[in-house]
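Here's the letter readout for the chains.
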Amino acid sequence: MKAKYAEFTTVEGGMGVLTNRLPIVAKLKVSPLIIKTEDEKEELFAIHGGIVEMDGKEMVILTTAAERPEEIDVETAMKSIEAAKAKLSHAANTAEKAKAQAEIEKNMVRISIVKK
């Protein structure tokens, strides 16, 4: 897709990138990705972390998942949040807590892009 602007969240904070700008490489958080195309349309995705690389002309995002709003079932996402909250309250160690928290965060982003 030909984009003129992309907006996402890195581990250091929110960022917007225009075409023909300085190169960047950054680690992405689980967050919404907004792409404004050359024909003024807006594409929205829920991304599950990853890396963004911009060489000044072309942007590449490597992520484990990028979901469009129409691909997301809000009811399933809400159930996943509730299940993860239950796991979080009974987590035996830090790794289990982190996994449950990541599941909550991922599904919150999913719900947030559907409601935009």
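Definitions and cut-offs
The residue numbers shown here count from 1 along each chain, following its written sequence. In keeping with the model being predicted, local features are shown solely for residues with a pLDDT of at least 70 and side-chain atom pairs are shown and tallied solely at 80 or more, while totals for entire chains, interfaces and linings include all residues. Each side-chain value is derived from all of the structure's non-hydrogen atoms; neither hydrogens nor water enter the calculation. We count a stretch as a helix when DSSP gives it H or I for four or more residues in a row; a strand needs E for two or more, and each element gets its number in order from the N terminus. Three exposure classes are used, based on accessible area relative to the maximum for each residue type with a 1.4 Å probe and protein chains only: buried under 20%, partly exposed in between, and exposed over 50%. Two residues qualify as a contact provided that any one of their heavy atoms is within 4.5 Å of a heavy atom in the partner residue. Working definition of accessibility: Shrake-Rupley area with a 1.4 Å probe, residue cover restricted to the visible protein chains. To obtain an axis, a line is fitted to C-alpha atoms, over the contacting stretch when the element is a helix, and the angle between two such axes runs from 0 to 180 degrees between their N-to-C directions. The labels follow the angle: roughly parallel below 35 degrees, roughly antiparallel above 145, roughly perpendicular from 65 to 115, and oblique for the rest. By the definition used in this description, the sense in which the near helix is turned from the far one sets the handedness, with an anticlockwise turn below a right angle giving left-handed and a clockwise turn giving right-handed. For this classification, the nonpolar set comprises Ala, Val, Leu, Ile, Met, Phe, Trp, Tyr, Cys and Pro, the charged set comprises Asp, Glu, Lys and Arg, and every other residue, Gly included, is treated as polar.

Q: Could you clarify how one ought to interpret the overall build of the protein in this entry?
A: When helices and strands are tallied, the protein shows two helices and six strands. Reading the helices (α) and strands (β) of the protein from amino to carboxyl end gives β-β-β-β-β-β-α-α. By principal-axis analysis of the C-alpha atoms, the protein measures approximately 50 × 30 × 20 Å. Within the protein, the proportion of its 116 residues that are buried is 28%. Across the protein, contacts joining residues at least 24 apart in sequence account for 48% of those joining residues at least 6 apart. For the protein, the accessible area works out to roughly 7600 Å², and carbon and sulfur atoms hold 53% of it.

Q: Honestly, the packing of helix α1 (residues 74-89) against helix α2 (residues 94-114) in this entry has me stumped. Any pointers?
A: When two helices pack together, their arrangement is given by the angle between the helix axes and by the axis-to-axis distance. Axis separation between α1 and α2 bottoms out at 9 Å; the angle between their running directions is 155°. What the angle tells us is that α1 and α2 run roughly antiparallel. Both α1 and α2 take part in a crossing whose hand is left-handed. The residues of α2 that touch α1, namely those facing Val-74, Ala-77, Met-78, Ser-80, Ile-81, Ala-84, Lys-85, Lys-87 and Leu-88, are Lys-97, Ala-100, Gln-101, Glu-103, Ile-104, Asn-107, Met-108, Ile-111 and Val-114. Considered class by class, the residues forming the contact of α1 with α2 number eleven nonpolar, three polar and four charged.

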